[in-house]
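# Examining the three-dimensional arrangement
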Amino acid sequence: MGIVNVTPDSFSDGGQFMNSGGGINAQRAIAHAQRLIEEGADILDIGGESTRPGAAPVSIQEELDRIMPVVERAVSFGVPISVDTRRPQVMQQVIAAGVDLINDVNGFRDPQAIDIAANSSCGLCIMHMLGEPATMQQDPTYEDVVAEVTGFLTAQRDRFLQLGVDQHRLLIDPGFGFGKTLAHNIALLKALSVMAGIAPVLVGVSRKRMIGEITGQQDPSRRVAGSVAVALWATAHGAQFLRVHDVRETVDALKAWAALES
Ligand code: HH2
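As the structure is a computational prediction, the values presented were derived from the model and not from experiment.

Right, let's talk about the state of the cysteines for a bit. Overall, the coordinates contain zero disulfides when judged by the stated rule. Free cysteine: C125, not disulfide-bonded; nearest cysteine sulfur from C122 at 13 Å. Among the residues examined, C125 registers a relative accessible area of 0% and is labelled buried.

Next up on the list: the site of the ligand. Neighbouring the ligand are 18 residues; S10, S50, D84, D173 and K208 lie closest to it. The contact in question runs from an oxygen atom of the ligand to an N or O atom on the backbone of T51, over 2.8 Å.

Tracing the sequence through the fold places R73 in helix α2 (residues 60-74). For R73, a relative accessible area of 35% translates into the label partly exposed. Setting aside residues up to four positions removed in sequence, R73 forms contacts with Q27, I30 and Q34.

Bringing the pattern of salt bridges into the picture now. Scanning the model with the defined rule gives 10 salt bridges in all. For R248, the salt bridge is made with E249, and the minimal N-O distance between the two is 3.4 Å. Its relative accessible area of 43% is what places R248 among the partly exposed residues. By relative accessible area, which is 30% here, E249 ends up partly exposed. A single network of salt bridges, built from pairs that share partners, joins E49, E63, R86, R87 and E132.

Turning our attention to the packing of α2 against helix α3 (residues 88-96). Running from N to C, α2 and α3 point in directions that differ by 20°, and their axes come no closer than 10 Å. As summarised for this structure, α2 and α3 are arranged roughly parallel, according to the angle between their axes. The chirality of how α2 crosses α3 is right-handed. Here I60, E63, L64, I67, M68 and V71 of α2 come into contact with α3, specifically with Q89, V90, Q93 and V94. For the contact of α2 with α3, the residue count by class is seven nonpolar, two polar and one charged.

Parameters at a glance
- Counting of residues starts from 1 at the beginning of each chain's written sequence and follows it residue by residue.
- Selection of residues for local features in this predicted model requires a pLDDT of at least 70, selection of side-chain atom pairs for listing and counting requires 80 or more, and totals for whole chains, interfaces and linings are taken over all residues.
- For side-chain calculations, the full set of non-hydrogen atoms in the structure is used, while hydrogens and water are omitted.
- When two cysteine sulfur atoms are found within 2.5 Å, that pair is recorded as a disulfide.
- Throughout, exposure labels follow a simple rule: accessible area from a 1.4 Å probe, protein chains only, divided by the maximum for the residue type, with under 20% read as buried, over 50% as exposed, and the rest as partly exposed.
- Near is defined per residue: the residue qualifies when any heavy atom it owns lies within 4 Å of the molecule or strand.
- As used in this structure description, the phrase polar contact means that two N or O atoms lie within 3.5 Å; if the pair is within protein, one of them must be able to donate a hydrogen and the other to accept it, and residues adjacent in sequence are counted only when both atoms belong to side chains.
- Segments assigned H or I by DSSP are reported as helices when at least four residues long, segments assigned E as strands when at least two residues long, and all are numbered from the N terminus.
- A contact between two residues is defined here by any heavy atoms of the two lying within 4.5 Å.
- We define a salt bridge as a contact between a side-chain nitrogen of Lys or Arg and a carboxyl oxygen of Asp or Glu at a distance within 4 Å.
- A fitted line through C-alpha atoms represents every axis, and for helices the fit uses only the stretch in contact; the resulting angles, taken between N-to-C directions, go from 0 to 180 degrees.
- Put simply, angles under 35 degrees are roughly parallel, angles over 145 are roughly antiparallel, angles from 65 to 115 are roughly perpendicular, and the rest are oblique.
- Crossing chirality is assigned from the near helix's rotation relative to the far helix, an anticlockwise turn below a right angle marking it left-handed and a clockwise turn marking it right-handed.
- Ten residues, namely Ala, Val, Leu, Ile, Met, Phe, Trp, Tyr, Cys and Pro, are considered nonpolar, four, namely Asp, Glu, Lys and Arg, are considered charged, and the remaining ones, Gly among them, are considered polar.

Here it is as structure tokens:
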């Protein structure tokens with residue numbers, strides 16, 4: 001899954017598609033999306049709100065203004081299109097525009113979001129987050145991070161199943177870095193094979209702070225090798241989807257690894 005962040009402030013790639021006046025340059029975002037497909041992305045994940053630690057929320061209208069021109073083009077690209085949003089109103093509009101997957105970092109905790117999602121025919125990615133992006137990295141605390149995260153993901157999966165959603169539409173994501181320390185993230189990575197028993201697992205560690213903490217690289221653009229290493233390890237331990245900025249590097253690494261595994 002290749003990341004298309006149509007935002008001015010995403011932690012790694014924010015502002016890539018802005019005009020000098022501060023507006024979004026949809027053409028550039030669309031060109032980036034096409035390049036990710038050429039590089040081997042099987043799915044695109046389009047987002048209009050940064051959820052990096054400390055990020056301020058954007059209005060619904062602003063989020064729609066950012067993503068809709070890109071979504072409307074991307075649905076004809078021939079690969080599944082995911083939208084990264086926690087807003088029910090945004091979900092409604094992108095579902096109507098024909099997207100294939102809703103990726104909610106809030107894990108469909110909003111009752112309106114779960115309703116809209118269940119009544120669509122989209123795939124649904126349920127992610128775990130502790131608290132809100134603005135404050136989630138201020139001393140995140142768990143008694144047992146693996147039990148709490150798997151408990152939440154299982155409960156949300158079961159809510160969807162009770163609403164009649166086919167289990168094949170559901171994926172789960174432990175939400176690396178969303179209210180988690182490095183130790184929490186590592187504990188969750190080590191529990192991937194357990195989580196894979198709940199639903200197919202998506203892993204998003206690309207260029208994140210945890211990779212910086214492990215490698216000592218402060219600049220997100222220097223975290224590619226660390227990200228690819230964790231992505232490979234995650235694949236070997238049960239991840240079925242990888243959400244990444246660096247599609248070519250990740251696909252090449254997976255191909256090389258798969259050649260030796262077969
Ligand atoms: N991480 C980010 C955003 N959305 N969705 C899922 N399912 N899993 C993740 O790990 C995940 C996500 C944060 O990364 P990014 O989009 O690069 O940054 P920002 O939130 O600053 O736009």
